[in-house]
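Per-entry structural report
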Amino acid sequence: MAEYVEQTFVAIKPDAVKRGLVGEIISTFEDAGFKIQGMKMVQATDQLLEQHYEEHVDKPFYEGLAEYMQQGPIVAIVLEGVHAAENVRKIVGDTSAKDAHPSTIRGKYGHMSMEHADEEGRHYKNIIHASEPGEQEKEISIWFEEDELHEYVHTGEEEVR
Ligand code: IDP
Ligand code: MG
C-alpha cells in the first residue's frame with residue numbers, strides 16, 4: 001500500500017455527542033470515502049487527555065479543555081484514506097467555528113468565537129478533534145488497542161480513491 005494511504009484519529013467531542021451530531025459527522029467522512037477501521041464510545045480520563053493534549057497541558061486553557069472533554073463520552077474513530085490526516089483536517093475546518101468555512105464540520109455546526117466564550121466565562125466548544133499530520137500514530141495508540149482496529153476491504157478503495 002502506498003505510504004500516503006494512512007490512518008488518522010478523530011474524536012467526536014462531548015458537545016457533539018450531546019447535540020446528536022454523531023451520525024451526521026460519521027456520514028460526512030463516509031461520504032468522502034474514508035474507511036472506518038475502529039470506533040468506540042469512551043469516557044476520557046485525566047490520564048488519557050494529558051497524553052493526547054501533551055502539547056497543551058501547560059497552557060492556560062488546558063484545565064477548561066480537560067473539563068470540556070470530560071463533560072460526557074466522546075466517540076473515538078480511526079479512519080483510513082489517502083493523505084487521511086491532511087484531508088480529514090480539511091473537512092474538520094479551522095479550530096474556531098467563527099473562522100471555519102461553513103462547508104466544514106466546525107463551520108457547519110457552529111459559529112462562535114473564542115473571544116465570546118471567554119467573555120461569557122465558558123470553555124470554547126468545537127465539536128470534533130482530528131490529528132494533525134505527524135501526530136496520528138501517537139494519538140491512535142493512546143485511544144485504541146491493536147485488536148480494536150479492523151481489517152476489511154472498503155469499496156472506497158476501488159471506487160473513490
Ligand atoms: P485543533 O483542535 O484545531 O488541532 P489546537 O490548537 O491543537 O486546535 O487546540 C486543541 C484544542 O484545544 C482545540 O480544538 C480547542 O478545543 C482547544 N483550544 C485551543 N486553543 C484554545 C483557546 O485559546 N481557548 C480555549 N480552547 C482552546
Ligand atoms: Mg491540534
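You'll find the structure just up there.
Residues numbered from 1 in each chain as written. Chains lettered and ligands numbered in written order. Predicted model: local features only at pLDDT ≥ 70, side-chain atom pairs only at ≥ 80, totals over all residues. Heavy atoms only, no water.

1. What to know about the site of ligand 1
In the vicinity of ligand 1, the contacting residues are K13, Y53, H56, F61, L65, R89, T95, R106, M114, H123, N126 and E132. For ligand 1, an oxygen atom lies 3.1 Å from a polar atom in the side chain of K13. At a separation of 3.3 Å, an oxygen atom of ligand 1 approaches a polar side-chain atom of E132. Out of a free accessible area of 530 Å², ligand 1 has 83% covered by protein chains. (Near = heavy atom within 4 Å. Polar contact = N/O pair within 3.5 Å; in protein donor to acceptor, adjacent residues only side chain to side chain. Areas by Shrake-Rupley, 256 points an atom, 1.4 Å probe, with all protein chains shown as cover.)

2. Side note on helix α5 (residues 84–92)
Residues A84, A85, V88, I91 and V92 constitute the buried set of α5. Considered in projection along α5, the buried side chains sweep an arc of 130 degrees and stay on one side of the axis. Facing away from the buried side of α5 by more than 90 degrees, the exposed set consists of E86 and K90. Considering only its buried residues, α5 is in contact with β1 (5–12), α2 (22–31), β3 (74–82), α6 (105–108), β4 (128–130) and α8 (136–143). Positioned one or two residues after α5, G93 has a phi angle of 90 degrees, which is positive. (Buried < 20%, exposed > 50% of the residue type's maximum accessible area, 1.4 Å probe, protein only. Helix = DSSP H or I, 4+ residues; strand = E, 2+ residues; numbered from the N terminus. Arc of directions from axis to C-beta. Contact = heavy atoms within 4.5 Å.)

3. Let's talk about the side chain of H129
Looking at the secondary structure, you find H129 in strand β4. We classify H129 as buried; its relative accessible area is 8%. Side chain to side chain, H129 and H52 meet in a polar contact 3.5 Å long. Here E139 takes part through its side chain, which lies 2.8 Å from a polar atom of the side chain of H129. Those residues in contact with H129, other than ones at most four positions away along the chain, are F9, V10, A11, K13, H52, Y53, R106 and E139.

4. A closer look at the sheet that holds strand β2 (residues 35–42)
Note: strands within a sheet are paired through backbone hydrogen bonds, in either parallel or antiparallel orientation. Sheet architecture is open: four strands sit in the order β2-β3-β1-β4, paired in antiparallel fashion. The open sheet has two edge strands with one neighbour each: β2 and β4. Shown here is a sheet whose adjacent strand axes are inclined to one another by a mean of 20 degrees, direction ignored. Bridge count between β1 and β3: eight bridges; the pairing is antiparallel. Residue pairing across strands places V10 opposite I77, the latter belonging to β3. (Pairing = 2+ DSSP bridges. Axes fitted to C-alpha atoms, helices over the stretch in contact; angles between N-to-C directions.)

5. Overview of the nonpolar core
Ranked by size, the top nonpolar core spans 22 residues in total, and within it I25 and F29 carry the most contacts. Secondary-structure elements contributing two or more residues to this core are β1, α1 (14–18), α2, β3, α5 and β4. Beyond its immediate chain neighbours, meaning those up to four positions away, F29 contacts V10, F34, L79, V88, I91, V92, I105 and I128. With 19 residues, the next largest nonpolar core counts Y53, Y68, I74 and I140 among its residues. (Core = buried A, V, L, I, M, F, W, Y, C linked by side-chain atoms within 4.5 Å.)

6. Examining α8
Buried residues of α8: Q136, E139, I140, I142 and W143, and no others. Here the buried residues of α8 occupy an arc of 160 degrees about the axis, which is enough to place them on one side. In α8, the exposed residues that point more than 90 degrees away from the buried face are E137 and S141.

7. Here's the deal with the pairing of β1
Counting buried positions over the eight residues of β1 gives six, a clear majority of the element. Inspection of the sheet shows β1 paired to β4 by three bridges, in the antiparallel sense. Among the inter-strand pairings, I12 is bridged to a residue of β4, identified as I128.

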